[in-house]
Amino acid sequence: MSVIRIASAVHSCLRSASLIAAAGVFAAVVGSTPVWADDYDAAVKDIQSTMGGVPSFLKQFPKAGLPGAWAEVKAIELNDKTALSPKVKSLISLAVAAQIPCSYCIWSDTQDAKRAGATDEEIQEAVAVSALTRHWSTVFNGMQVDFAQFKKDMGGE
């Protein structure tokens with residue numbers, strides 16, 4: 001798992017962790033020592049232990065959000081006991097990163113995919129599939145294809 005993927009996951013996690021951030025802001029206003037200070041210190045210690053260091057970009061991340069963001073990264077992305085294998089997770093992440101596009105994530109996800117055993121052909125196919133999805137999404141949306149009819153045409157309802 002590269003630190004750049006962690007940053008990307010941390011960034012997207014912040015959107016879903018607005019309550020954690022709000023709690024951190026509230027704590028800072030109410031007391032002289034924020035409630036999240038201990039959680040932040042524990043998260044930094046865990047990052048150090050897990051990664052062998054704390055990437056400098058994480059020091060730029062809001063302290064109130066880091067504990068929740070790190071917990072999400074560990075539970076989903078770094079956990080090899082989830083429904084998806086590390087290789088599949090990194091290929092999905094690479095395909096999404098190619099569409100965003102995020103050069104940090106593309107580089108990191110490619111490295112992660114290779115470390116997880118992905119071949120160059122698998123990496124190329126993941127990116128090509130994401131390009132096909134983007135292409136057809138553009139066609140369907142731009143031409144305002146009737147969704148109900150689309151589902152019927154594709155064997156659905």
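Here we summarise the structure given alongside this text.

About the cut-offs
- Residues numbered from 1 in each chain as written.
- Predicted model: local features only at pLDDT ≥ 70, side-chain atom pairs only at ≥ 80, totals over all residues.
- Heavy atoms only, no water.
- Core = buried A, V, L, I, M, F, W, Y, C linked by side-chain atoms within 4.5 Å.
- Buried < 20%, exposed > 50% of the residue type's maximum accessible area, 1.4 Å probe, protein only.
- Helix = DSSP H or I, 4+ residues; strand = E, 2+ residues; numbered from the N terminus.
- Contact = heavy atoms within 4.5 Å.
- Polar contact = N/O pair within 3.5 Å; in protein donor to acceptor, adjacent residues only side chain to side chain.
- Phe/Tyr/Trp six-rings, centres within 6.5 Å; stacked < 30°, edge-to-face > 60°.
- Patch = residues over 30% accessible without salt bridge, like charges linked within 9 Å, V, L, I, M, F, W, Y side chains within 5 Å.
- Areas by Shrake-Rupley, 256 points an atom, 1.4 Å probe, with all protein chains shown as cover.
- Salt bridge = Lys/Arg side-chain N within 4 Å of Asp/Glu carboxyl O.

1. Considerations on the nonpolar core
One finds Tyr40, Ala43, Ile47, Leu58, Phe61, Leu66, Ala69, Trp70 and Val73 forming the largest nonpolar core, which totals nine residues. Only α3 (37-51) and α4 (66-77) provide two or more residues apiece to this core. With four residues, the single largest contributor to this core is α4. When near neighbours in sequence (up to four residues on either side) are disregarded, isoleucine 47 contacts Gly52, Gly53, Val54, Pro55, Leu58, Leu66 and Trp70. Among the nonpolar cores identified, the runner-up in size contains six residues, and Leu94, Ala113, Ala118 and Ala126 belong to it.

2. Considering the environment of aspartate 112
Tracing the sequence through the fold places aspartate 112 in helix α6 (residues 103-115). Considered as a pair, aspartate 112 and leucine 94 are 18 residues apart in the sequence and their alpha carbons are 9.2 Å apart. Among the polar contacts listed, one links the side chain of aspartate 112 to the side chain of arginine 115, at a separation of 2.5 Å.

3. Some points on the side chain of serine 90
For serine 90, the location among the structural elements is in helix α5 (residues 86-99). Since its relative accessible area comes to 6%, serine 90 is described here as buried. A distance of 2.9 Å separates a polar side-chain atom of serine 90 from the backbone oxygen of lysine 87.

4. A look at unusual backbone geometry
Along the chain, isoleucine 100 connects to proline 101 via a cis peptide bond; the corresponding omega equals -20°. Within the element layout of this structure, proline 101 appears in the loop between α5 and α6.

5. Notes on the packing of aromatic side chains
Each aromatic ring pair is summarised here by two numbers: the centre-to-centre distance and the angle between the ring planes. Summed over all chains, the structure comprises three aromatic pairs. By way of ring pairs, the aromatic residues Trp136, Phe140, Phe147 and Phe150 are connected into one cluster.

6. Let's talk about the side chain of aspartate 109
Note on placement: aspartate 109 falls in helix α6. Overall, the relative accessible area of 1% leaves aspartate 109 in the buried class. Looking at aspartate 109, its side chain comes within polar contact range of the main-chain nitrogen of leucine 94, at 3.4 Å.

7. As for a nonpolar patch on the surface
Residues Leu84, Val88, Ile92, Val96 and Ile100 make up a contiguous nonpolar surface patch of roughly 410 Å² in combined accessible area. Turning to its location among the elements, isoleucine 92 is positioned in helix α5. Among the residues examined, isoleucine 92 registers a relative accessible area of 43% and is labelled partly exposed.

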